[in-house]
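Observations on chain architecture
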Amino acid sequence: MMPTVSRYHYFCVAQFKEIFVAKDKADLLQGTLDMLILKSLSLGELHGYGIIQRLRQLSDEMLNVEQGSLYPALYRIEQKGWVSARWDVHETGREAKFYKLTRSGRKHLETQEASWDRLVLAITKIRQATT
Amino acid sequence: MKWFNVLRDRLRALRRRDSVINDIDREMRTHLHLQIEANIKAGMSPDEAREKAMRSFGNVNRAVDAAYDVKGGGLFETLAQDVRYGTRVLLKHKAFTLIAVSTLALGIGANSAIFSVVNELLLRPLPYQDPDRIVMLWEVSPGGRHQNTTSRANFRAWRAQSTSYEDMAAFSDQRLTLTGNFEPEEVSGQLALPEIFKVLGVQPILGRTLLPDDAQPKSPLVAVLSYGLWQRRFGGQPNAIGQPITLSGNKFEVVGVMPPNFQFHIKQRSGTGRPAEVWIVLPMPTNSTENERGRFLSTVAKLKPGVSAEQAAAELRTIEARLSDEVPEFNKNYSAEVLPLREQFFGNVRRPLWLMLGAVGFVLLIACANVANLLLSLATSREKEIALRAALGARRSRIVRQLLTESLLLALLGSALGLGVAWLGIKALPLISPRDVVSLQGVSLNSSVLLWTLGVSILTGIIFGLAPALHISRLNLNDSLKEGGKADSGQATGSRRMRSVLVVSEIALAVVLLASAGLLVRSFIRLQQVDRGFNTDNVLSMVVRLPFARYPEDAQLVQFFNQSMERMRNLPGVRSAGMVNFLPLYGGLGSSTGFKIIGRPEPPPGQGPSCDVRVVDAGYFATLGIPILRGRNFSEIEQREAKRVVLINEALARKHFPNQDPIGQRLDVAMFETPVVTEIVGVVGNVRYDSLIDEAPGAVYFTHPDLPYPFMTLVLRTDGDPTAIAPVVQREIRALDPNQPVSDVRTMDQVMSEAVSRSRFNTFLLALFAGLATLLSAVGIFGVMNYSVALRTREIGLRLAVGAQPRQVLLLVLKQGLALTVMGVGLGLLAAFALTRLLTGLLFGVEAVDATTFATISLLLVFVSLFACYLPARRAMRIDPMRALRYE
């Protein structure tokens, strides 16, 4: 569980601010970013720009994922088979690439969320115990 | 699925890089535009919206790159890049590539060739069913002789009392005369119990094998043919089944044909010296005691699953001990042993083979060191290029990977060419390999050899590439990019040190190989110089084997051979002729027969003296140049009638009649059913019959009438080339008996040559590898000195300019080379002291640490490397000071 804890630790310290920017830390945060992207897609099909917007809305403007981090993560998720992609015409009339959660992606999201919840619960308990 | 998607993406990127990048670019641009539109919607001016969007996006190119790293790029793409680039580098430096690749080809080729032999003999499963459970059962004589054949009685006891085996079969290889409406031919037959086919688990391609019913008394005589004999005699016709053949005068019915690759040949105790071509049932008469106790049977058995050879051996020793108690007069002090089949076949070649593999490994290491040296030179000339790449942002690992790719390319090229070398080697090996040891026919470049070669080449690529790659990637950028700072820079010194280390290790490795080869060469020479006790010049030998069916009476044998000897002696060009049942150094059974000296107290059973028994005629000694030391030769009448006289050799006389005249003493040699007392009439010189290595044991010579043998080896000493007379001799024999073949026609020189063939083979191969190692290390030291002279051009020019003599410059360079050589030789000698011990067993008449050999090869290597240094030294001497100084 070590990596997950340190990931969470970093997550807290960074206060949700531009944490997905630094390249070296990308590995550390990969799993979390993946989960967030999957979560944003769980509400429906989206293009890359839409994913960023939705994450911002959902986090009350606290979380700003940079494009430079988003796309590599998206492609990796696509290679894992968790999302599928297709080019389609956007409502503005522009062509955009839309991503959609696959069945295995949904399953992965569920397990990720469950383990995240457990972790948060555990850490919360520990913090309550020490304070 | 993940790896598959990644692979698909990356391969697509590899093929259509532009379209993948376009796709990413398009997606990013859409993103940007959506952002701009959102900004405008939020009330910004178009310019402001664009600028803000661009700023929030960051560096677009970097974003595209990062995304592309996922889609394409990665190992595949950089590998493709590196291969392309490496190919260009290798093509640009053609001379370097040529030298490096051919060096590696020699090293890798030698490795693959030897490995193919190791694989065939030591690693590949034997071509029988469950070969790991097949074992050979032997007796060990009281004299400690291993792998002794056993008797019918003892075999029966083994079979009845043991529980370790599924099946057990006795067999005996014997020569049979095949006659019919064609020229009579001698074939090698395996007389075996039918269970042998169950033990080996091999099916016939036609008909059936021998079955237990065939071994019942009064069942019809049947024969199973080898594929070769079936092709030769029946033209490969299926209707051969059911046909009769005549073997040594008896009619057999052909019932089966074995597959082409099937053979079961235990060379050590074979009475024929070659693989069987026909299998017939070994008679096991139960009612007679005749031959019940003669030891002539080999035994093969299949262990039950889960039973180890050690357990089986323990059981067999218990049974043998019981036999020793029950029948002491035959079995006293006999023991038994169980040998796994692979051990039986290849036990005697395993050690030399692993040694050879080690030797070619050394050669390959030397080749690697050489190529590493070459790569260092190449890298030095590419310092600027690599520094530039580093300056442009290439990471160190990336540069190392690039350089390693180049060396792997080299290694793969080398191994491709090396396979050619190995193929030639495999073709050449059987030509020089000893026939009597193992058959190398099955050795080929099969998939395991190819796999091994691939593995070796990748490993070598990393070995010789890693050091230079690490070294060069550690370069100081500034120094390299600065013009002219090269000659005295720190890297040059570092690289020179690494080169020196490489060359010293090369020389050390070469010393070890040379020392081993030197020891083997000395042993070989010693072996040739051994006083074998006979003279081989112009002597021809051939075997005549009379079938029992046509020569049932002893008198007929004696008469036939005496008549043929008479004809031989009268042939023009024949100086003398004689005969012996078993030639020296040529198979035979190496019998050690017990004897008693009449008038001396009888020793307890199993502890009496034993001797080697040979049947000869009077002409034999003169023909082979064996001196009669005391007494007399056999007389004319003794060669026609049994007069109960024998000759003994000097060894027996010395041992048993040290202070006594052996002439007139009487012996009872246990060659007969009943005691037969014979008188010693003469003493002859010792002859090494069994091997050149062992001292001659005591020997007793009988005449033919006293101890008739159905086969004899005729020996003829001729005036000129002995082979010329062979057809004449064959004609003479056929004149006596038109149905009588002659076999094994060979000169005594050939016999001798075969006797030392194993030693010659090992010596030749190791000397070859040592020579290769020396050559390669000479090239290595040449390269280093050449490079060093090039680096020091300015310094040497300066020395010459201020008045140094060219001779001094020459000495300067030679001294430097000599220092490296001496260091290498010293280290090599230390290693040799430790390693040549492994050669024990292959050496003869020389210790594993032999001062003469070690000194000789050290001097040899010093001379070779001085010569290699001389060329660069001469170049240094001729440096033009003016030009050298201006050059910088």
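Residues numbered from 1 in each chain as written. Chains lettered and ligands numbered in written order. Predicted model: local features only at pLDDT ≥ 70, side-chain atom pairs only at ≥ 80, totals over all residues.

Quick notes on the overall build of chain B
Counting its secondary structure elements, chain B contains 27 helices and 21 strands. For 888 residues, the compact-globule formula gives about 29 Å, and the C-alpha radius of gyration of chain B, at 38 Å, lies well above that figure. The principal-axis extent of the C-alpha atoms belonging to chain B is close to 130 × 80 × 55 Å. Counting only residues that meet the buried cut, chain B has 42% of its 888 residues in that class. Long-range pairs, those at least 24 residues apart, make up 83% of the contacts in chain B between residues at least 6 apart in sequence. (Helix = DSSP H or I, 4+ residues; strand = E, 2+ residues; numbered from the N terminus. Rg over C-alpha atoms; globule rule 2.2 N^0.38 Å. Buried ≥ 20, exposed ≤ 12 C-beta atoms within 10 Å, placed from the backbone. Contact = placed C-beta atoms within 7 Å.)

Remarks on the overall build of chain A
From N to C terminus, chain A includes 5 helices and 3 strands. Put simply, chain A runs from its N terminus to its C terminus through helices and strands in the order α-α-β-α-α-β-β-α. Per-residue burial over chain A gives 28% buried out of 131 residues. Counting contacts in chain A only where the partners sit at least 6 residues apart, residues at least 24 apart contribute 53% of the total.

A word on the packing of helix H2 (residues 17-41) of chain B against helix H3 (residues 46-57) of chain B
Residues and elements named next belong to chain B. Interhelical geometry of H2 versus H3 gives an angle of 135° and a closest axis separation of 8 Å. Comparing the axis directions of H2 and H3 gives the class oblique. H2 and H3 meet at a crossing whose hand is right-handed. Along the contact surface, H2 presents Leu32, Gln35, Ile36, Asn39 and Ile40, while H3 presents Pro46, Ala49, Arg50, Lys52, Ala53, Ser56 and Phe57. Tallied by class, residues from the contact of H2 with H3 come to 7 nonpolar, 3 polar and 2 charged. (Axes fitted to C-alpha atoms, helices over the stretch in contact; angles between N-to-C directions. Parallel < 35°, antiparallel > 145°, perpendicular 65-115°, else oblique. Left-handed = near helix turned anticlockwise from the far one by under 90°. Nonpolar A, V, L, I, M, F, W, Y, C, P; charged D, E, K, R; others polar.)

Topic: the domain arrangement of chain B
Parsing chain B into structural domains produces domain 1 (2-72), domain 2 (142-333), domain 3 (349-528 + 757-887) and domain 4 (551-738). Centre-to-centre, using C-alpha coordinates, domain 1 of chain B lies 100 Å away from domain 4 of chain B. (Domains from an automatic or database assignment.)

Quick notes on the nonpolar core
Residues and elements named next belong to chain B. Ranked by size, the top nonpolar core spans 102 residues in total, and within it Val363, Val371, Val511, Leu513, Phe769 and Ala773 carry the most contacts. Counting residues per element, this core draws most heavily on helix H12 (residues 341-381), at 19 residues. Among all residues touching alanine 773, those that are not within four sequence positions of it are Phe362, Val363, Ile366, Leu509, Ala510 and Leu513. Grouped together as the second largest cluster of nonpolar side chains are 59 residues, Val615, Tyr620, Tyr709 and Met712 included. (Core = buried A, V, L, I, M, F, W, Y, C linked by C-beta atoms within 7 Å.)

Description of the interface of chain A and chain B
Taken together, the contacts link 17 residues of chain A with 22 residues of chain B. The set of elements that each furnish at least two residues to the side of chain A that touches chain B consists of helix H3 (48-58), helix H4 (67-80) and strand E3 (95-101) of chain A. With 8 residues, the single largest contributor to the side of chain A that touches chain B is H4(A). Among the residues forming the side of chain A that touches chain B, the class breakdown is 5 nonpolar, 6 polar and 6 charged.

Details of the environment of B:Leu191
If you trace the backbone, B:Leu191 turns up in strand E3 (residues 182-192). Between the alpha carbons of B:Leu191 and B:Phe171 there is a distance of 5.4 Å; along the sequence they are 20 residues apart.

Examining the environment of B:Leu445
Residue and element names in this part refer to chain B. Structurally, the position occupied by leucine 445 is in the loop between helix H14 (396-432) and helix H15 (447-473). Here leucine 445 falls in the partly exposed class, since 16 other C-beta atoms lie within 10 Å of it. Aside from chain neighbours lying at most four places away, what touches leucine 445 is Ser116, Leu419, Ala422, Trp423, Ile426 and Leu450.

Observations concerning the sheet that holds strand E1 (residues 46-47) of chain A
Residues and elements named next belong to chain A. Spatially, the 3 strands line up as an open sheet ordered E1-E3-E2, and their pairing is antiparallel. The open sheet has two free edges, formed respectively by E1 and strand E2 (83-89), since each of these has just one partner strand. With 2 bridges joining them, E1 and E3 adopt antiparallel strand pairing. Following the sheet pairing, leucine 46 is matched in E3 by tyrosine 99. (Pairing = 2+ DSSP bridges.)

Things to note about helix H10 (residues 309-326) of chain B
Residue and element names in this part refer to chain B. Taking 1.5 Å of rise per residue, 18 residues should cover 26 Å, and H10 covers 25 Å from first to last C-alpha, within 8% of that figure. All of the buried residues along H10 are Ala312, Leu316, Glu320 and Leu323. Down the axis of H10, the sector holding all buried residues measures 70°, keeping them to one side. Looking at H10, the residues exposed on the side facing more than 90 degrees away from the buried face are Glu310, Ala314 and Asp325. Against strand E1 (134-140), helix H7 (152-161), strand E9 (298-303), helix H11 (328-331) and strand E10 (335-340) lie the buried residues of H10. (Expected span 1.5 Å × (residues − 1). Arc of directions from axis to C-beta.)

Regarding unusual backbone geometry
Its identity as a non-glycine residue notwithstanding, B:Ser248 has a phi of 45°, on the positive side. Within the element layout of this structure, B:Ser248 appears in the loop between strand E6 (244-247) and strand E7 (250-257).

Notes on the confidence of the model for chain B
Residue and element names in this part refer to chain B. Per-residue confidence for chain B gives a mean pLDDT of 85; residues scoring 70 or more make up 92%. Of all the helices and strands in chain B, helix H16 (residues 477-481) carries the lowest mean pLDDT, 60, while E9 carries the highest, 95. ipTM for the predicted complex: 0.73, alongside a pTM of 0.72. (pLDDT = per-residue confidence, 0-100.)

Some words on the packing of helix H25 (residues 806-835) of chain B against helix H26 (residues 851-877) of chain B
Residue and element names in this part refer to chain B. Where H25 contacts H26, the axes come no closer than 8 Å and their chain directions differ by 150°. Here H25 is positioned roughly antiparallel relative to H26, judged by the angle of their axes. The two elements H25 and H26 meet at a crossing, and its hand is right-handed. When H25 is examined against H26, the residues Pro806, Val809, Leu810, Val813, Leu814, Gly817, Leu818, Thr821, Val825, Leu829 and Ala832 are found in contact with a partner set consisting of Phe854, Ser858, Leu861, Val862, Ser865, Leu866, Cys869, Pro872, Ala873, Ala876 and Met877. The residue makeup of the contact of H25 with H26, split by class, is 18 nonpolar, 4 polar and no charged.

Quick word on the pairing of strand E11 (residues 539-545) of chain B
Residue and element names in this part refer to chain B. Among the 7 residues that make up E11, 6 are buried, leaving the element largely enclosed by the rest of the structure. For E11 and strand E20 (residues 711-718), the ladder comprises 7 bridges, and the chain directions are antiparallel. Bridging from a neighbouring strand, valine 543 pairs with threonine 713 of E20.

So, the environment of B:Arg496
Residues and elements named next belong to chain B. Relative to the assigned elements, arginine 496 resides in helix H17 (residues 490-529). Arginine 496 sits in the partly exposed class, given 17 other C-beta atoms within 10 Å. Distance in space between the C-alpha atoms of arginine 496 and methionine 356 is 33 Å, their sequence separation being 140 residues. Those residues in contact with arginine 496, other than ones at most four positions away along the chain, are Ser788 and Leu791.

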